[in-house]
Amino acid sequence: MTPIDNALRGNVAGRMRPGDSFAYAAFGVLAVLIAMGVVVPLLYGDGDVAMKTQGLLPPSWEHPFGTDRYGRDIFLRSMAAVRIDVTLGFAVALSVLVFGSIVGALSATFGRTVDMVIMRITDVFLAFPAVVLALIITASLGKSAWFAAIAVAIAYTPPMVRLSRSKALEIRSADYVAAGRLSGASTVGLAFRHVLPNAVKYPFVQSTLVASWAILDFAALSFLGVGVQPPTPEWGSMIAEGVGDILLGSWWPSFFPGSMILLSAASFQIIGDWLDRRLR
Amino acid sequence: MLRSGLARSGIAVVGVVGVAVLIFFITRLLPGDPARVAAGQYATDAQVEQLRRQYGLDQPVLVQFGRYMVDFFRLDLGTSIRTGQPVTDELLTRLPATVELGLLALLIAVVLGVGLGVLAAVHRHRVVDKIIQLLVVFASAAAVFWIALLAIYLFVNEWGVFTSPIGRLPRGYAPPDPVTGFYVVDALLAGDLETAGAALRTLLFPAMLLGLHASPSIVKIVRSSTIRALESDYARTSRSFGYPPGSILFHDGLRNALLPVITNIGLVAGFVLAGGNVLIEQLYAWPGIGQYAYDSLQENDLFALRGYVILIGVTYILLNIVLELAYRRADPRVAVAEGR
Amino acid sequence: MTLLSVEGLSIRTADGHTLVRDFALDVNPGEIVGIVGESGSGKTMTALSLLGLLPAGVSVACGDASLSGRPFLRDGRVCERPNATMIFQNPTAALNPTMKIEAQLIRLLTFLGKRRGTGRRGRRARAEALLESVGIHEPRAVLRRYPHQLSGGMNQRVMVAMAVAAEPSLLIADEPTTGLDVTVQAQILELIRSTVASRGIGVLFVSHDMGVIAQTCRRVAVMYHGELREFADVDDVFHAPRDAYTEELLASTLEQPSER
């Protein structure tokens, strides 16, 4: 039999166990990043020692990520930025999870009119890519890191509302709830024991993905100049500061902050995929 | 059929109006002050007040809303603070550049997404699949502006594969006579192969990045739907007859797997047109609506930015309606279920 | 001469569970042999394994099988394609939902034509004739339809037509009537019986339903938890079951005679 034939048959011989190793690596990367983000700035500051060192030094033992045009250490700045970017990922994911689940559950519970109104509103939100929505919201509120964070959270709430609503509806009609009712369990008790855990599972998985997207979009807003303002260290705005340098041959001021985004966003996504498989 | 068509256009109208209302709400009712934003950080109160009067921002909100909606239905998206020109006109002049870039990017995303998705499905749970899945994660976890920046550094500065990104044509070329607004097509129509080639090379670079950026969601959906199709009862029937693997992959796998892709393309297209586009167009000095949005943002021109966002939302809604019709044609099951 | 003979067949999952242990059976030409057992007894896996159709994660661990004297399974490895075809439970899902019946038949006839070197001409007429031969009165109308536009019984007829078109010496039928109406069920069973009579092929008939087996088969293999409990004439099994489980299965069937 040809190899492709085996592949089409889904032959057992060549199968790998679903890789948990990726997930462990992702947890490891995230833990190290957070630890460094907490410890490094405490020990060495946030790299904001302008003019002390020469500008645009390439990566070396002394400056692992090199220095930027103002002579600031890019490694220290990148680590200091963990505090903003990764925290933001968690904060947005959490608020989207809480707020989205509540609105979704309300929509599923409170009759048709409320449900329809909420669904039509989310429809309209979903007509925009999240980053565009976040952009117009930040631009309207004013250029600041806080507004950008709020805008990103608003942009990712409607999909969460839809997800938790559909899960709540699914579960409300599930057999065991009916069975519980018949056997005389109280509605509140039922809601807490069965409906809530199941309704929260999928939104929870989704929220790890939201963390990843939020980091990316927040960095994009800062890159566009409406999020974190320089000189505060943040990956997106650090990349923006390096644009002029990279085109003149100094790749490191933009490269390293971008790879931090890649590492943290990828970790959240891998963890999300893993949770998705585990919780099913 | 007619009734469902009417219902569908009803939903479309509601959606389009919803987009307009939502954007008004965001730009006018959130606690920001467009006049203050437009006037800039260092404007005096008098200057702000003058702007406010000039753009009718001193009127009651309801009056402003009424005017805004009337203008919206007359396809008038207001006047740019920065240039003093009608936003609708400015967007329309720049639209062909964005659409040309977006279409090629979409093509690249679909080819890449379907190719890798099918490859992963055929080798599911094995090394090739794992590698593709890892690529997907990294492609969707990399900031598009960062990748674009690195690509410019490598491909232009270091290796010289592409000319430096300064718009739709390299230095020294004149734009072709506008017919469609797509430079490659227009140059071909004019019989100018050299310009067409140069325009295509210039276009290819940002389109590749945008396509790469948009492909992960297609890979994911094609992979899972192809696996489902290959493990289906009908694929098993085909195997029971001993059909060759290629035939099973094509007739049973792809044919059934590509249906969900059609609906997904709507999302991807919105993404290509808007999501990564502001960033890519700005980095490549591509004179489309994304760059317009970027410039408006830098100059605090909220009205122009608002026009851009409305255009994106409306396009997305209309696009999805077209795609839903296409899906209906492609999947006999849907057509029958509703075509009584 | 025996048509199909299976010996020592064992089927395992990738994580080490044994689904079928040391199964053996034989089918004579023109004979319908049943495999009966409750769901999870391994009867469907046995049927699928003969054509190499086991799902991902399940494989033949050991066993030998031959068809018309030609071995096709040696020590658990497929060494050639047996000249056998199969019809399945849930016929509507077993047909490609995006292709009209005509396209599916033409696809099969083209494939068979290539294999036999008979060329492509007259495929459309052959498709019509095939549908007529399985008792479809308006073959043209059926050819124009998609599977989801036809009834389950009609789709199963189409499946039988396709299975017969390949001119197999053995037909494997895996719960071919489960889920169909009682009258349609009888028609499909009659179709299988008449096909056997007119073509002299052997049939391996898998079902959970003792009643259906009794109507259809001469001999029957009784499976329980992956093991062959009994393989004997249907009459003997019915009237003098040698195995305790067979007795139980019979009792439960007689209580609710072929309701499904």
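Residues numbered from 1 in each chain as written. Chains lettered and ligands numbered in written order. Predicted model: local features only at pLDDT ≥ 70, side-chain atom pairs only at ≥ 80, totals over all residues. Heavy atoms only, no water.

Peer 1: Teacher, can you tell me more about the overall build of chain B here?
Peer 2: Helix and strand counts for chain B come out as 16 helices and zero strands. Expressed as lengths along the three principal axes of its C-alpha atoms, the size of chain B is roughly 80 × 55 × 40 Å. Counting over 340 residues, chain B shows a buried share of 53%. Across chain B, contacts joining residues at least 24 apart in sequence account for 70% of those joining residues at least 6 apart. Taken as a whole, chain B presents about 15,200 Å² of accessible surface, with 65% of it coming from carbon and sulfur. (Helix = DSSP H or I, 4+ residues; strand = E, 2+ residues; numbered from the N terminus. Buried < 20%, exposed > 50% of the residue type's maximum accessible area, 1.4 Å probe, protein only. Contact = heavy atoms within 4.5 Å. Areas by Shrake-Rupley, 256 points an atom, 1.4 Å probe, with all protein chains shown as cover.)

Peer 1: How should I be thinking about the overall build of chain C in this particular structure?
Peer 2: Counting its regular elements, chain C contains ten helices and eleven strands. Taken over C-alpha atoms, the radius of gyration comes to 18 Å for chain C, in line with the 18 Å a tight globule of 260 residues would show. Taken over the C-alpha atoms alone, chain C extends approximately 55 × 40 × 35 Å along its principal axes. Looking at chain C residue by residue over its 260 residues, the buried ones come to 53%. (Rg over C-alpha atoms; globule rule 2.2 N^0.38 Å.)

Peer 1: I keep staring at the pattern of salt bridges and nothing clicks. Help me out?
Peer 2: Proximity of charged atoms lets side chains of opposite charge pair with each other. The tally for this structure, following the rule as stated, stands at 24 salt bridges over all chains. Across the salt bridge formed by Glu241(A) and Arg77(A), the nearest N and O atoms sit 3.3 Å from each other. Within this pair, whereas Glu241(A) is found in helix H9 (residues 235-247), its partner Arg77(A) is found in helix H3 (residues 74-109), the two being separated by 164 residues in sequence. Glu241(A) gets classed as partly exposed once you look at its relative accessible area, which sits at 22%. Here Arg168(B) and Glu100(B) are joined by a salt bridge, their closest N and O atoms 2.7 Å apart. On the criterion of sequence distance, the pair formed by Arg168(B) in the loop between helix H7 (144-158) and helix H8 (183-189) and Glu100(B) in helix H5 (residues 87-122) is long-range, its members being 68 residues apart. Accessibility classification places Arg168(B) together with Glu100(B) in one group, the buried group. (Salt bridge = Lys/Arg side-chain N within 4 Å of Asp/Glu carboxyl O.)

Peer 1: Got a minute to help me understand the interface of chain B and chain C in this structure?
Peer 2: When the parts come together, some accessible area is lost, and that loss is often what is quoted as the size of the interface. On the chain C side, the residues contacting the 22 residues of chain B number 27 residues. Interface area, chain B with chain C, both sides summed: about 2,100 Å², of which 61% is carbon and sulfur. Summed over the three residues of chain B that lose the most area to chain C, namely Arg236(B), Phe241(B) and Tyr243(B), the buried surface amounts to 30% of that side. Here chain B and chain C share one salt bridge between them. Its salt-bridge partner being Arg107(C), residue Asp252(B) comes within 3.2 Å of it at the nearest N-O pair. The interface formed by chain B and chain C holds eleven residue pairs in polar contact (both at pLDDT 80 or more) in total. Elements that contribute at least two residues to the side of chain B that touches chain C include exactly helix H10 (233-241), helix H11 (245-257) and helix H16 (332-338) of chain B. Per-element accounting of the side of chain B that touches chain C gives the leading share, eight residues, to H10(B). Of the residues belonging to the side of chain B that touches chain C, the class tally is eight nonpolar, seven polar and seven charged. (Buried area = accessible area lost by both parts, 1.4 Å probe. Polar contact = N/O pair within 3.5 Å; in protein donor to acceptor, adjacent residues only side chain to side chain. Nonpolar A, V, L, I, M, F, W, Y, C, P; charged D, E, K, R; others polar.)

Peer 1: Teacher, can you tell me more about the interface of chain A and chain B here?
Peer 2: Each side of the interface is counted separately: chain A has 54 residues, and chain B has 55 residues. Of the roughly 4,900 Å² buried where chain A meets chain B, counting both sides, 78% is carbon and sulfur surface. Of all elements in the fold, only helix H1 (3-9), helix H4 (111-125), helix H5 (130-141), helix H8 (187-223), H9 and helix H10 (252-279) of chain A reach the threshold of two or more residues within the side of chain A that touches chain B. Counting residues per element, the side of chain A that touches chain B draws most heavily on H10(A), at eleven residues.

Peer 1: In this structure, what is going on with a positive patch on the surface? I would like to understand it.
Peer 2: Residue and element names in this part refer to chain C. Residues Arg81, Arg115, Arg116, Arg126 and Arg199 make up a contiguous surface patch of positive charge. Looking at the secondary structure, you find arginine 116 in helix H3 (residues 101-116). Residue classification places arginine 116 among the partly exposed residues on the basis of a relative accessible area of 35%. (Patch = residues over 30% accessible without salt bridge, like charges linked within 9 Å, V, L, I, M, F, W, Y side chains within 5 Å. Lys, Arg positive; Asp, Glu negative; His and termini not counted. Charge placed at Lys NZ, Arg CZ, Asp CG, Glu CD.)

Peer 1: Would you mind going over the packing of aromatic side chains with me for this structure?
Peer 2: To describe a pair of aromatic rings, one takes the distance between the centres and the angle between the planes. All names here are of chain A. The tally for this structure, following the rule as stated, stands at 22 aromatic pairs over all chains. Pairing phenylalanine 90 with phenylalanine 268 gives two aromatic rings, centres 5.2 Å apart and planes at 75°, and the pair type is edge-to-face. Remark: phenylalanine 268 occurs in helix H10 and phenylalanine 90 occurs in helix H3; sequence separation between them is 178 residues. Phenylalanine 90 gets classed as partly exposed once you look at its relative accessible area, which sits at 42%. Taking the relative accessible area as the measure of exposure, phenylalanine 268 reaches 4% and is therefore buried. (Phe/Tyr/Trp six-rings, centres within 6.5 Å; stacked < 30°, edge-to-face > 60°.)

Peer 1: What should I look at first to understand the nonpolar core in this one?
Peer 2: Soluble, globular proteins show a tendency: their nonpolar side chains are buried together. In terms of nonpolar packing, the biggest core is built from 237 residues, with Leu4(C) and Phe205(C) touching the most fellow members. Apart from residues no more than four positions distant in its own chain, Phe205(C) is found in contact with Ile32(C), Val33(C), Gly34(C), Ile35(C), Ala173(C), Pro176(C), Leu189(C), Ile192(C), Val212(C), Ile213(C), Thr216(C) and Cys217(C). Core analysis: the second largest hydrophobic core is formed by seven residues, Ala38(B), Ala43(B), Val48(B) and Leu51(B) among them. (Core = buried A, V, L, I, M, F, W, Y, C linked by side-chain atoms within 4.5 Å.)

Peer 1: Is there a simple way to explain helix H2 (residues 20-44) of chain A in this structure?
Peer 2: All names here are of chain A. Taking 1.5 Å per residue, 25 residues should reach 36 Å; H2 reaches 35 Å between its end C-alpha atoms and fits that length. Roughly 25° is the biggest bend found in H2, and it falls at methionine 36. Where H2 is concerned, the buried positions are Ala23, Ala26, Leu30, Leu33, Gly37, Val40 and Pro41. On its buried face, H2 is in contact with H3 and H10. Phi turns positive one or two residues past the end of H2, at glycine 45, with a value near 80°. (Expected span 1.5 Å × (residues − 1). Bend = angle between axes of the 7 residues up to and from the residue.)

Peer 1: Could you clarify how one ought to interpret a nonpolar patch on the surface in this entry?
Peer 2: Judged by side-chain polarity, Ile34(A), Val38(A), Val39(A), Leu42(A), Leu43(A), Tyr44(A) and Phe90(A) come together as a nonpolar surface patch covering roughly 720 Å² of accessible area. Per-element accounting of the nonpolar patch gives the leading share, six residues, to H2(A).

Peer 1: Just to check I follow, could you spell out the pairing of strand S7 (residues 84-87) of chain C for this structure?
Peer 2: All names here are of chain C. With burial as the criterion, each face of S7 is covered, one bearing Ala84 and Met86 and the other bearing Thr85 and Ile87. Of the pairings in the sheet, the one linking S7 to strand S8 (residues 170-174) comprises four bridges and is parallel in character. The residue bridging methionine 86 from the neighbouring strand is isoleucine 172, located in S8. (Pairing = 2+ DSSP bridges.)

Peer 1: Any chance you could explain the packing of H2(A) against H10(A) here in plain terms?
Peer 2: Each pair of packed helices can be described by the angle between their axes along with the distance between the axes. Residues and elements named next belong to chain A. At their nearest, the axes of H2 and H10 sit 8 Å apart, and the two run at 135° to each other. By the criterion of interaxial angle, the relationship of H2 to H10 is oblique. Note on packing geometry: the crossing formed by H2 with H10 is left-handed. On H10, the residues that touch Asp20, Phe22, Ala23, Ala26, Phe27, Val29, Leu30 and Leu33 of H2 are Met260, Leu263, Ser264, Ser267, Phe268, Ile270, Ile271, Trp274 and Arg277. Considering only residue class, the contact of H2 with H10 consists of 13 nonpolar, two polar and two charged. (Axes fitted to C-alpha atoms, helices over the stretch in contact; angles between N-to-C directions. Parallel < 35°, antiparallel > 145°, perpendicular 65-115°, else oblique. Left-handed = near helix turned anticlockwise from the far one by under 90°.)

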